[in-house]
Amino acid sequence: YLVGPVTVLALSKQAEGSNGQPLERLDELVESYIQVLAALADAGVAWVQLAEPATVADLAVADDAQIAAHLEAAYTKILAAENRPQVYLTTPYGSARAGLDALAKVAPEALHVDLSVGTQALDADYVNRVKNTVDTAKTQLVAGLVDGRNVWAGNLRALRETFEQFDGASVSTSVSLQHVPHTVEAEPNLPVDVAAWFSFANEKIGEVVALAAGPLDAAEAYARADRAVRTRAESTRTHNQQVADRTAALPKGQVQREPAFTERQEAQKALGLPALPTTTIGSFPQTSDIRKARADHRAGNLTDEQYVEELRKEVASVIELQERLGLDVLVHGEPERNDMVQYFAELLDGFVVTENGWVQSYGSRCTRPPIVVGDVSRPKAMTVEWAKYAQSLSDKHVKGMLTGPVTILAWSFVRDDVHQSVSADQIGVALADEVKDLEEAGIEIIQIDEPALRELLPLREEDRPSYLDWAVRSFRLVSLDAAPTTQIHTHLCYSEFGQIIDAVAGLDADVTSIEAARSRMELLQDIDEKFHSEIGPGIYDIHSPRIPSVAEMAELIRAALKHVPLERLWVNPDCGLKTRGYEETEQSLRNMVLARDEVAANLKVSVNA
Ligand code: GLN
Ligand code: ZN
């Protein structure tokens, strides 16, 4: 298995200082592939799979027609090589357009297309196009019908019907199985009524086999799938009338918090914040003590009271530390959160969580994504006690801390029986209730994190505006009824935001903190005209244990001041501190406050609240 040469180059960046696009070097790379394929053939490999997902996305580096031309050039050469295994080309993650024509034309021994329900929903004509484009006399067609990106048991009868439209095709999953957990069998404690609705990696392989065998030979599998589809559709877990009524009553289209930003900014002067206010993004180091307490609590070796007591001690020490460092807006440190999404999923109705459903997030990091099984609602307040306790320990403002609807969905397995915007609205209003409760508890600054906003951006240009519409709306629902004096923050990270900077501005938060240190504030170029609200471009990279110096952070603040006026600039790290240790965190934050003080002193502005 290899990633194909066109995708490798289409998703590569050129080295700093070098000229030209990576794709211009396709000929060279193709020569290397030909050598590798020869070596594989010599080693006795009969088939090689080459993945070309660049066929399904609108990329900035090349348009569809250019990608198609590159594919045709590359595979004409590769397939002409004499000493090679048979070639199985895959096009996962969406529907191919010009790329499909090109690949059908070069006719590899086998060609895979993604025909998952999700892909067909975005491109209704795809099945027909595949039928009319791929010459099955020359190429073995592989229909990727089983959805590899989600955890739902497939509707085998419906999938089999699609499969039968192709002559002599094979069947597979739409993408590799790396995105789903290993097996439902490792989940003995799932609610009995929902367990049968799921299909993880092992079960999906069973579905592939059943689809190939057909309903006569695999009668039991089809009967099981029928039952799952029926009970899921009829379940009260799936449909909650109260939730449906509430979201149906919401205004349609985009919603708008009143009054507008400028008036809110005026009202929020009452918060009494100094110039260039300093803050952090939310989490403080998750020490091994906290992790141990959580494990002990889960294992039943720590009572609820003892566990809460441990966490309260941690909150108190985080508050004390921030006071000592002289930060202006404090956080409680999030020690009670195993994960910023799972924590909320466990407290909201409409989700189930797994015990062993680990999937790779990146590199060696793994997460256990919760599963949205039905309509989402909030049975009771989720964060208020922690926020209230933290606020009781300080005269400074403590930020309430919520994960936004888009990020909750992006890092969960979502429903496939309703559009994602339906769940987004439901989570939006559930979090709006939390905002109300936080306000009533005396919390005047509330952060709604949306680090994954960019992550869900559709691969095709034409699908992006409607995504950004519902994503922005769901965020705005959370803060819609917040008092003008309540300062709403948001936080974004993990990607370059230039492409969606309008949507980021459209969130209409009062303050936006955004990852920027690693790119040395590159994003400030994009911010200039688009942003009218307050903004905190991160001035130190929390992904590294390195302690940034006062001088380098002061320089970044000055760089930011070239683009953002003093009255609108905040000083903060790039992201939360949960993966860091206390020692480096303390020194880095101390330097950050000193950097702010130095810049303020040079500008002769007071930083006293
Ligand atoms: N508030 C969260 C934290 O500090 C935000 C994390 C994130 O952006 N990924 O941990
Ligand atoms: Zn972040």
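This text goes with the structure placed above it.
The sections below set out a description of the structure shown in this document.

Criteria and thresholds
Residues numbered from 1 in each chain as written. Chains lettered and ligands numbered in written order. Predicted model: local features only at pLDDT ≥ 70, side-chain atom pairs only at ≥ 80, totals over all residues. Heavy atoms only, no water. Helix = DSSP H or I, 4+ residues; strand = E, 2+ residues; numbered from the N terminus. Buried < 20%, exposed > 50% of the residue type's maximum accessible area, 1.4 Å probe, protein only. Contact = heavy atoms within 4.5 Å. Areas by Shrake-Rupley, 256 points an atom, 1.4 Å probe, with all protein chains shown as cover. Arc of directions from axis to C-beta. Pairing = 2+ DSSP bridges. Donors = N, O, S within 2.8 Å, 3.2 Å for Na, K, Ca; no water. Tetrahedral: all angles 85-135°; square planar, octahedral: opposite > 155°, others 65-115°.

Section: the overall build of the protein chain
Link 1 in the chain: Helix and strand content of the protein chain: 23 helices and 16 strands.
Link 2 in the chain: Overall, the protein chain is about 75 × 60 × 45 Å in size when its C-alpha atoms are taken along their principal axes.
Link 3 in the chain: The buried share of the protein chain, reckoned over its 609 residues, is 53%.
Link 4 in the chain: For the protein chain, the proportion of contacts with a sequence separation of at least 24, taken over those separated by at least 6, is 78%.
Link 5 in the chain: Put simply, the protein chain shows about 26,700 Å² of open surface, and 50% of that area lies on carbon and sulfur atoms.

Examining helix 13 (residues 288-298)
Link 1 in the chain: Every buried residue of helix 13 is accounted for by Ile-290, Ala-293, Arg-294 and Asp-296. End-on view of helix 13: buried residues confined to an arc of 165°, all on one side of the axis. Of the exposed residues in helix 13, the ones pointing more than 90 degrees away from its buried face are Ser-288, Lys-292 and Arg-298.
Link 2 in the chain: Along its buried surface, helix 13 packs onto helix 14 (304-325).
Link 3 in the chain: Taken from the residues just after helix 13, Gly-300 is the one with a positive phi, measuring 85°.

Describing unusual backbone geometry
Link 1 in the chain: Glu-258 connects to Pro-259 through a cis peptide bond whose omega is -10°.
Link 2 in the chain: Of note, Pro-259 is situated in the loop between helix 11 (241-248) and helix 12 (261-267).
Link 3 in the chain: Phi at Leu-276 is positive, roughly 45°, even though this residue is not glycine.
Link 4 in the chain: Inspection of the secondary structure assignment puts Leu-276 in the loop between helix 12 and helix 13.
Link 5 in the chain: Take Leu-276: its relative accessible area is 1%, and that puts it in the buried class.
Link 6 in the chain: Positioned with a positive phi, Asp-508 is a non-glycine residue whose angle comes to about 60°.
Link 7 in the chain: The topology assignment puts Asp-508 in the loop between helix 20 (501-506) and strand 15 (511-514).

Here's the deal with the sheet that holds strand 3 (residues 86-91)
Link 1 in the chain: If you trace the six strands from one edge of the open sheet to the other, you get 1-2-3-4-5-6, paired in parallel fashion. Either end of the sheet is taken by a strand with one partner, and the two such strands are strand 1 (2-3) and strand 6 (170-173).
Link 2 in the chain: Pairing analysis gives two bridges linking strand 1 to strand 2 (residues 47-51), with the strands arranged parallel. Following the sheet pairing, Val-3 is matched in strand 2 by Ala-51.

Side note on the coordination of the zinc ion (ligand 2)
Expected angles at a metal are 109.5 degrees for tetrahedral coordination by four donors and either 90 or 180 degrees for octahedral coordination by six donors.
Link 1 in the chain: Those donors, His-491 (NE2), Cys-493 (SG) and Cys-575 (SG), are the protein atoms that reach the zinc ion (ligand 2), and they lie 2.0 to 2.3 Å from it.
Link 2 in the chain: In this structure, the zinc ion (ligand 2) is surrounded by four donor atoms whose angles at the metal cover 95 to 126°, and the resulting shape is tetrahedral.
Link 3 in the chain: Coordination of the zinc ion (ligand 2) draws on donor residues from a single chain, spaced H-x1-C-x81-C in sequence. A residue pair is termed long-range when its members are at least 10 positions apart, and His-491 in strand 14 (residues 487-492) and Cys-575 in the loop between helix 22 (550-561) and helix 23 (582-603) qualify at 84 residues. Accessibility classification places His-491 together with Cys-575 in one group, the buried group.

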